[in-house]
Amino acid sequence: MAPLLELQNITRRYPGVVALDDVSFSLNGGEVHCLVGENGAGKSTLVKILSGALAADEGILSIDGRQIEVHSPADAQALGIGIIHQDFKLVPELSVAQNILLGHEPLKRRSLFIDYGQMHEKARGTLRQLGEEIDTTAKVGHLGIAGQQIVEIARALSRNVRILAMDEPTASLTKHEIANLFRVIHRLKSEGVGIMYISHRLEEVFDIGDKVTVLRDGKVVQSCVLTELDRRSLISLMVGRELEDEYPAATLVLGTEILRVEHLVAERLTDINLQLFRGEILGIVGLVGAGRTELARVLFGADPVISGKILLDGKPIAPKSPHDAINHGIGLLTEDRNRLGLVLPMNVRENISLAGLDPFLTGPFINRKAEEAAAQRSVEELQIKPQATEAEVETLSGGNRQKVVLARWLSTKARLLIFDEPTVGIDVGAKYEIYTIINRLAAAGVGIMVISSDLPELLGVCTRIAVMCRGRITGIIPAKDATQERIMALATDSDQ
Amino acid sequence: MTTTRILSRKAPAELGIGIAFVAECILLSHLSPYFLTTENLLNVSLQASITAIIAAGMTFVILTGGIDLSVGSLVAFAGIITTDILRIHLPLPVAILAGLSVGAASGAFAGVCVTRFNITPFIVTLALMTIWRGAAFVYTEGRPIWELPESFGLLGAGRVLEVPIPTLMMVIVYTVSHIVLTRTKFGRYVYAVGGNREAARLAGIRTDRVLVQVYVVCGMLAAMSGILLASRMNSGQPNAGLMYELDVIAAVVVGGTSLFGGRGSIIGTFIGAMLIAVLRNGLNLLNVGSYVQQVVVGAVILLAVLMDQWRRR
C-alpha cells in the first residue's frame, strides 16, 4: 500500500544555497514521523513546501500514491494537510469557536447570518475529539499558549486533516502542558492521522516518535525507525560529528557574593530571598506563571519593585529602568529574542552595539570604524553566521540571532547577566556553544542566572537551582543533589 | 566589505526613487526647454523648501513609527507669533526664537502625551492640528498680520550668491539631519525605537526621551518653515500651511520611509520632496491645469509606494 504522504526527491534552491537537496520523506497514517536537524538544515523549507507557501524546484509530492500539486495554503487545506506553526495564526480578539471555524462559519439556512449555536456546537465537538474542554466563547487572546495551541489543532482538525505537520509545538509549553499535547497526539494517531513532528527537544522525539528523519545541510542523512537509534547517535547524526557531551564541563571556583535579594515584593512576586555568588550559575525553574520572568524583569528595572532590597556587591540598588540597571552592570537576555531582544530592521553591528554605544562615542558621534571592528570581533568570537556585520538580523537563523543578543550583552561588560530561556528553538550545536560561553563568563567572575523550562539543561549547566512557584521561591538546591522529581515537587509546591 | 555594504538597508532603498527622480528630470528637460535652466531649478527648490524642511522633521517622527499631523497648523501659528512680535518692534532674533519655541513646546507636549499618557500619535497630533489652527484664527481674529519691518522680508526673498535663503536653509537642515540620523547616537536610537520600541527599552535606551525629542525636532522645523513662509508672504496668515501635513507625509513616504517605523532615510525624503516639487513644476511648465495636477500628483504618490512595496518582496 502506498504511504499516506510521500515526498520524493525534493530539491529547493535559494540564491547561493541549496536548502533541500534530493530529499525524500514518507509518512503513514497513524504514525508520528519526527524531522530533526540543526537550524538551517532545511526543516522549515520542507514544511513550507508541504503547506504550499513555497514551491519545490524539483521532486514529486503524492498522497495515497496519487501525485498532488500544492500551490497555496488553500490547496494544502483542501488536500487534508494541516500545519501547526511555531507562531500561531489565530485572531486574538475572536472567540475560540470563531477561530476554530474561521472561514468555514456555519450559516443559518438560506441567509448570510452566522448560526452561532451550530458554530459553538461544532467547535465543542472538535475539542471533544481532542479530549479537551475549553469554553468556546472565551477570547483566544485570553487563553494561555497551551490553550491557543489546542485551538490551532482543533482548527486543523475541523477541516478533516489527514496529515498534520507540527513545527516546534512544545517550544513554550510547560511539562504538564506537553503531557497533555502528547495525549492529543496519541488520540490523533489512533484516528489515523499522520503526523510530521519537528522539535529540537530530543527527549520528546524519543517519547512520541515512531520514525525519524535527520536532515543536515539540506540532505537526508538518516531515516529510520526510532528504536534503531539512541540519543547520542541521533545527536552526532544531526551535528555531523561526535559530540562528547551535551553540556560542557566547567571548573568553577566559588567567589564573593555579587547579588543579594531580601524580602523582595513586586507584582506577582512575594517575599523573594536569594543570594548569588561569583563563579556560580544559578538556575531558576518553575512552571509558567511562577514568576521567573517577572523576577528577572524586576532585577533589571523593567518592572517596578514594591518593597524589599536588592544589593549588588553589597550596595543597595533600586534600578528604575533598564537604563539604570545597565549602568549598574546588569544585563538581561530576554525570552522571545525576536519580540523583546532584537531590532529586526537593524543589522548585526547595530544590534550588537545597541546597549553599549558609549565606548564608540566622540561627543554625540559614533565612531563607525571602532564600532565595526568591535562587531567584527564579536562575530568571529561567537562564530555568528554569516560572518558579516552588515547582514540584517532578519536573515539570520534562531541560533545566530541569539548569539547576536549574547554579543550585545558581552560587550556591555556586565557584572550580572540574566539569561531567560536562552536556548529555546536553538539547535544542539548552538546550545553547546552558548553553554560554553555561560561557563566562561561564570569562571571570569560574572554572576549568572539562567531561567529555563528545560530541566535537563538546568541540571547540566547550573551549580544551584532555585525553584519558584506562584511568585515565591519554594526551594534552592545544589544541582548535584537535584533530581527532576524533587524540582517538580517544589515547582508544584506539593509539600503544602 | 563592498558586498556586505550592499546588504545594508539604505543603499537600495534610495536607488529606486533616485532613478525615478532622474528619469522624471530627463523627461521634463525634453518636454520643456525652460525646465533645465538655473532660474527654473532654483525656483523649484524655493517652492519645495517650505514643505521639504518640515518633511525632514517628519522623517524623524515617522522613523519612530509615529506621525505628526499638527505641522501645517504649526506653520500658521508660529508664523503669527513671530510676525506679531515683530509688529510691536521687538528685534528679529527674539521674534524668530519665540516662533521656534512655539514649535518646540508643541512637539514636547505631543511627545509627553504619546509617552507618558500613552495616546496614539495620530490622535494627539490630530487634536493639536485643530487646536493650533483654531488658535491662529482666535489670536488674529481671522485677519492677517501686516506692517512688518522690511528686514523680515529678506528671510524669504533674499538670496546668497543667487541661491534663495529658504533653499539654503533647506540644504542646511537636510545636511544636519542626515548627519544626525546616520552618525550620532540619537539617530541610532531613533531607528532602534522605531524598529522595536520594547527591545530598545530593554537594551537600556530611554525610549520616552527619544520619542519626545523627535516630536520637538519636528515641531521646531515646522515652526521654522512657518517663519520662512510668513516672510515670503510678508504677513502672518492664519490659514497659512493649510493641508501641508499631507504634502509632507507624502514626501516622506515617497522617499521610502516606512510608516511602521525603523526603516527609511533623510536622503530618501529629500528625493521624495524634490520629485513631487519637480512634478508640480513640470506640469505647470506644460500648462496642465491645477485640477488635473492634483490627480497626477496623487497617482504618482500611489505609484511610488506601489513600486516600493514591490521592491521589498
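Preceding block: the structure.
One structure accompanies this document, and this report is about it. Every value quoted in this text rests on a predicted model; they were computed, and no experiment measured them. (Residues numbered from 1 in each chain as written. Chains lettered and ligands numbered in written order. Predicted model: local features only at pLDDT ≥ 70, side-chain atom pairs only at ≥ 80, totals over all residues. Heavy atoms only, no water.)

1. Here we look at the interface of chain B and chain A
Consideration 1: Contacts between the two partners involve 27 residues from chain B and, on the opposite side, 35 residues from chain A.
Consideration 2: Around 2700 Å² of area is buried between chain B and chain A when both sides are counted, 55% of it from carbon and sulfur atoms.
Consideration 3: Looking at the side of chain B facing chain A, the largest losses of area belong to Lys 185, Arg 188 and Leu 202 of chain B, adding up to 25% of the total buried there.
Consideration 4: Taken together, chain B and chain A are joined by six salt bridges.
Consideration 5: In this structure, Arg 188 of chain B and Glu 350 of chain A form a salt bridge, with 3.8 Å as the shortest nitrogen-oxygen distance.
Consideration 6: In this assembly, chain B and chain A are joined by eleven residue pairs in polar contact (both at pLDDT 80 or more).
Consideration 7: Sorting the residues of the side of chain B that touches chain A by element identifies α1 (2-7), α8 (165-183), α9 (185-195) and α10 (197-202) of chain B as the ones contributing at least two each.
Consideration 8: A class-by-class count of the residues in the side of chain B that touches chain A yields ten nonpolar, seven polar and ten charged. (Contact = heavy atoms within 4.5 Å. Buried area = accessible area lost by both parts, 1.4 Å probe. Salt bridge = Lys/Arg side-chain N within 4 Å of Asp/Glu carboxyl O. Polar contact = N/O pair within 3.5 Å; in protein donor to acceptor, adjacent residues only side chain to side chain. Helix = DSSP H or I, 4+ residues; strand = E, 2+ residues; numbered from the N terminus. Nonpolar A, V, L, I, M, F, W, Y, C, P; charged D, E, K, R; others polar.)

2. Examining the pairing of strand β12 (residues 269-277) of chain A
Residues and elements named next belong to chain A.
Consideration 1: As judged from the six bridges shared by strand β11 (residues 257-266) and β12, these two strands associate in the antiparallel manner. What sits directly across from Leu 259, in β12, is Leu 276.
Consideration 2: Between β11 and β12, which pair antiparallel one after the other, the connecting turn spans two residues, and Arg 268 there sits at a positive phi close to 65 degrees. (Pairing = 2+ DSSP bridges.)

3. A few points about the layout of surface pockets
Consideration 1: When its volume is computed, the second largest pocket comes out at roughly 910 Å³.
Consideration 2: Forming the walls of the second largest pocket are 42 residues, and the residues nearest its centre are Ala 355, Gly 356, Leu 357, Pro 359 and Thr 412 of chain A.
Consideration 3: Counting residues per element, the ones that place at least two in the lining of the second largest pocket are α10 (322-327), α12 (348-353), α13 (368-381), α14 (398-411) and α15 (428-443) of chain A together with α9 and α11 (207-233) of chain B.
Consideration 4: Considering each element in turn, the lining of the second largest pocket owes the most residues, six residues, to α13 of chain A. (1 Å grid on protein atoms, 1.4 Å probe; cavity = no way out; pocket = protein on both sides within 12 Å on 5 of 7 lines; lining within 4 Å. Points joined across faces, edges and corners; volume = space filled by probe spheres on them.)

4. What to know about α8 of chain B
Consideration 1: Taking 1.5 Å of rise per residue, the 19 residues of α8 of chain B would be expected to cover 27 Å, and the 26 Å separating its terminal C-alpha atoms lies within 8% of that figure.
Consideration 2: Of the surrounding elements, those touching the buried residues of α8 of chain B are α3 (38-63), α7 (150-157), β2 (163-164), α9, α11 and α13 (266-285) of chain B. (Expected span 1.5 Å × (residues − 1).)

5. Section: the sheet that holds strand β6 (residues 81-84) of chain A
All names here are of chain A.
Consideration 1: Strand order in the open sheet formed by six strands is β6-β7-β8-β3-β9-β10, and the pairing between neighbours is mixed. Unpaired on one side and paired on the other, β6 and β10 (219-225) mark the two borders of the sheet. Strand-to-strand, the axes of this sheet are offset by a mean angle of 15 degrees, without reference to chain direction.
Consideration 2: When β6 meets strand β7 (residues 163-167), the two strands line up parallel, connected through four bridges. Note on β7: the bridge partner recorded for Ile 81 is Ile 163.
Consideration 3: Across the sheet, helix α1 (residues 43-51) touches β3 (32-36), β6, β7, β8 (194-198) and β9 (211-216), and the angle it forms with β8 is around 145 degrees.
Consideration 4: Along the sheet, helix α8 (residues 231-239) makes contact with β3, β9 and β10, crossing β9 at roughly 30 degrees. (Axes fitted to C-alpha atoms, helices over the stretch in contact; angles between N-to-C directions.)

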